[in-house]
Amino acid sequence: MTAAALDKLSIEDLQTELRKRERRVRTLHRKRERLMEQVAEIDAEIADLGGTASGAVIPPGRKRPRNDANLADALVGVLHN
C-alpha cells in the first residue's frame with residue numbers, strides 16, 4: 001500500500017492495516033528463526049566435514065599464515081615511509 005493510499009484511509013482502516021503488518025512481521029520472524037536453525041545445522045555439518053561456513057577448506061594440521069604486524073601497524077609503517 002502506497003503512502004498516498006494510506007492518506008485516504010480512516011483511523012480504523014489504518015489500525016487494521018497496522019495489525020496486518022504486525023502479523024506479517026511476526027510470521028516473517030518465525031520463518032527467519034526456522035531458516036537460521038537450518039543454517040546452523042548446515043554449518044555444523046560443514047564443520048564436521050572439515051570445511052568452514054565461508055566455503056574455505058583448511059586441510060587438517062594446517063593453520064592460517066600469520067602476519068608479522070597487525071593492520072594498524074602495517075598502515076603506520078606504509079604511511080611513514
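Residues numbered from 1 in each chain as written. Predicted model: local features only at pLDDT ≥ 70, side-chain atom pairs only at ≥ 80, totals over all residues. Heavy atoms only, no water.

## Here's the deal with the environment of alanine 53
Along the chain, the position of alanine 53 falls in the loop between helix H2 (11-48) and helix H3 (71-79). Residue classification places alanine 53 among the exposed residues on the basis of a relative accessible area of 60%. Ignoring sequence-local partners within four residues, the contact set of alanine 53 consists of Asp43 and Ile46. (Helix = DSSP H or I, 4+ residues; strand = E, 2+ residues; numbered from the N terminus. Buried < 20%, exposed > 50% of the residue type's maximum accessible area, 1.4 Å probe, protein only. Contact = heavy atoms within 4.5 Å.)

## With respect to the pattern of salt bridges
Inspection of the entire model under this criterion finds two salt bridges. Salt-bridge contacts for lysine 20 lead to glutamate 17; the nearest nitrogen and oxygen are separated by 3.6 Å. You can see lysine 20 and its partner glutamate 17 sitting in helix H2, three residues apart, about one turn around the helix. For lysine 20, a relative accessible area of 45% gives the class partly exposed. (Salt bridge = Lys/Arg side-chain N within 4 Å of Asp/Glu carboxyl O.)

## Here's the deal with a nonpolar patch on the surface
Judged by side-chain polarity, Leu71, Leu75, Val78 and Leu79 come together as a nonpolar surface patch covering roughly 470 Å² of accessible area. Here leucine 79 is to be found in helix H3. Judged by relative accessible area, leucine 79 falls into the exposed class, the value being 71%. (Patch = residues over 30% accessible without salt bridge, like charges linked within 9 Å, V, L, I, M, F, W, Y side chains within 5 Å. Areas by Shrake-Rupley, 256 points an atom, 1.4 Å probe, with all protein chains shown as cover.)

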